[in-house]
Amino acid sequence: MMRTGRENEDKIKQELKQTWDDLETAYPITPARPEVWRALVRERRKNVRRKLWRDLIVFWSVALPVITGMLLLLGRGFSELTVIFWAFQVLSSGIGILVLLSEIRKQRNKEPNAYE
């Protein structure tokens, strides 16, 4: 007699539950104290806050020269300085891309290898 899909699922669930119970008895789990969890959360928040400030500083260090250059070029008359305007745009974009790539490289070097 063939088993139905429901019977197979029930059998698999029972086997998994038995295996899980065996694992729980073999390796008892003791939860960490609340102080440990609070310290972990505090540390993580501090790291995230530090990264956000760093990202904000990088953003403004790239954005301020771009905005200042745009205002200077527009103040001198945009129609006569198109070559300087486009050169400034290319230069600021290149610098921004280089900063972005260096930040990505730094982040990759800091991350631990999860699968080693």
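Details of the structure are given in the entry above.
The sections below set out a description of the structure shown in this document. (Residues numbered from 1 in each chain as written. Predicted model: local features only at pLDDT ≥ 70, side-chain atom pairs only at ≥ 80, totals over all residues. Heavy atoms only, no water.)

**Some details on the overall build of the protein**
- A count of helices and strands for the protein gives three helices and zero strands.
- Listed N to C, the secondary structure of the protein is α-α-α in terms of helices and strands.
- Of all 116 residues assigned to the protein, the portion counted as buried reaches 6%.
- Total accessible area computed for the protein in this model is approximately 11000 Å², and 65% of it derives from carbon and sulfur atoms. (Helix = DSSP H or I, 4+ residues; strand = E, 2+ residues; numbered from the N terminus. Buried < 20%, exposed > 50% of the residue type's maximum accessible area, 1.4 Å probe, protein only. Areas by Shrake-Rupley, 256 points an atom, 1.4 Å probe, with all protein chains shown as cover.)

**Thoughts on the pattern of salt bridges**
- Counting across every chain of the model gives six salt bridges.
- Between Glu15 and Lys11 there is a salt bridge, and its shortest N-O distance comes to 3.5 Å. Of this pair, Glu15 and Lys11 both sit in helix H1 (residues 5–26), four residues apart, roughly one helical turn.
- Classification of Lys11 by relative accessible area gives partly exposed; the value is 36%.
- Ionic pairing is found between Arg54 and Glu103, a salt bridge with its closest N-O pair at 3.3 Å. With Arg54 in helix H2 (residues 34–75) and Glu103 in helix H3 (residues 82–110), this residue pair connects regions lying 49 residues apart in the sequence. (Salt bridge = Lys/Arg side-chain N within 4 Å of Asp/Glu carboxyl O.)

**Regarding a nonpolar patch on the surface**
- A cluster of nonpolar side chains, Trp53, Leu56, Phe59, Trp60, Leu64, Ile67 and Leu71, forms an exposed patch at the surface whose accessible area comes to about 750 Å².
- Topologically, Leu56 is positioned in helix H2.
- The class for Leu56 is partly exposed, based on a relative accessible area of 37%. (Patch = residues over 30% accessible without salt bridge, like charges linked within 9 Å, V, L, I, M, F, W, Y side chains within 5 Å.)

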